[in-house]
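Close look at the chain arrangement
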Amino acid sequence: MAATGLLVEIGDRLRLRREKLGLTQKEAAKLLEMSETFYGEIERGNRRLSIEKMILVRERMGISLTWLLAGRRPADMHEVILRQYPEEKAERVERLLKNLARLYE
């Protein structure tokens, strides 16, 4: 399978997280219950993660699936949410989102 732009971006984000965690490709592959070769192909954008493997990535590597798939961090999402509310309510909603984020940490 030829690398597509989206798969390459997903692979790049996965590589960045792996490096931040200080893992080798071999260690990440073991963590995600796949072969080192297959994992390397995912990072290069030549293979796709199954839904089951995406869930493992989220659970074991601590990656938001929104960030992995779309390159949007949860902090970016609050701006999308705020645009849906009238300006007079936006401040309350933003405060609520910040409090929720603190609970999540």
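Everything below is about the structure printed above this text.
Here goes a summary of the coordinates provided.

**Focus on the overall build of the chain**
If you tally the helices and strands in the chain, you get 7 helices and 0 strands. Going residue by residue from the N terminus, the α and β elements of the chain occur as α-α-α-α-α-α-α. By the burial criterion, 26% of the 105 residues in the chain qualify as buried. By element, 53% of the accessible surface of the chain is carried by carbon and sulfur atoms, the whole surface being about 7500 Å².

**Details of the nonpolar core**
Side chains of a nonpolar character, in soluble globular proteins, are inclined to be buried together. In terms of nonpolar packing, the biggest core is built from 16 residues, with Leu14, Tyr39, Leu49 and Leu68 touching the most fellow members. Only α1 (5-20), α2 (25-31), α3 (36-43), α4 (51-61) and α5 (65-70) provide two or more residues apiece to this core. Ranked by residue count, the leading element in this core is α4, at 4 residues. Beyond its immediate sequence surroundings of up to four residues, leucine 68 is in contact with Ile10, Arg13, Leu14, Leu49, Met54, Val57 and Ile63.

**A word on the pattern of salt bridges**
Going through the model one piece at a time under the given rule, you end up with 5 salt bridges. Of the charged contacts, one joins arginine 60 and glutamate 33 as a salt bridge, the two residues approaching to 2.9 Å between their closest N and O atoms. Of this pair, arginine 60 sits in helix α4 while glutamate 33 sits in the loop between α2 and α3, and the two are 27 residues apart along the sequence. On the basis of relative accessibility, which here comes to 38%, the residue arginine 60 falls in the partly exposed class.

**Concerning the packing of α1 against α3**
Between α1 and α3, whose axes approach to 7 Å, the crossing angle comes to 115 degrees. When α1 is examined against α3, the residues Leu7, Gly11, Asp12, Leu14, Arg15 and Arg18 are found in contact with a partner set consisting of Tyr39, Ile42 and Glu43. Residue composition of the contact of α1 with α3, by class: 4 nonpolar, 1 polar and 4 charged.

**Overview of a nonpolar patch on the surface**
Taken together, the side chains of Leu96, Leu100 and Leu103 make up a nonpolar region of the molecular surface, amounting to roughly 340 Å² of accessible area. With respect to the secondary-structure elements, leucine 100 resides in helix α7 (residues 87-104).

**Describing α1**
In a regular helix each residue adds 1.5 Å, so 16 residues correspond to 22 Å; α1 covers 23 Å between its end C-alpha atoms and thus fits that length. Considered for burial, the residues of α1 that qualify are Leu7, Ile10, Gly11, Arg13, Leu14 and Arg18. End-on view of α1: buried residues confined to an arc of 160 degrees, all on one side of the axis. Against the buried residues of α1 lie α2, α3, α4 and α5. Just beyond α1, the residue with positive phi is glycine 22, at close to 75 degrees.

**Comments concerning the environment of glutamate 52**
Note that glutamate 52 resides in helix α4. Under the relative-accessibility criterion, glutamate 52 is labelled exposed at 56%.

The rules behind each value
- Residues numbered from 1 in each chain as written.
- Predicted model: local features only at pLDDT ≥ 70, side-chain atom pairs only at ≥ 80, totals over all residues.
- Heavy atoms only, no water.
- Helix = DSSP H or I, 4+ residues; strand = E, 2+ residues; numbered from the N terminus.
- Buried < 20%, exposed > 50% of the residue type's maximum accessible area, 1.4 Å probe, protein only.
- Areas by Shrake-Rupley, 256 points an atom, 1.4 Å probe, with all protein chains shown as cover.
- Core = buried A, V, L, I, M, F, W, Y, C linked by side-chain atoms within 4.5 Å.
- Contact = heavy atoms within 4.5 Å.
- Salt bridge = Lys/Arg side-chain N within 4 Å of Asp/Glu carboxyl O.
- Axes fitted to C-alpha atoms, helices over the stretch in contact; angles between N-to-C directions.
- Nonpolar A, V, L, I, M, F, W, Y, C, P; charged D, E, K, R; others polar.
- Patch = residues over 30% accessible without salt bridge, like charges linked within 9 Å, V, L, I, M, F, W, Y side chains within 5 Å.
- Expected span 1.5 Å × (residues − 1).
- Arc of directions from axis to C-beta.

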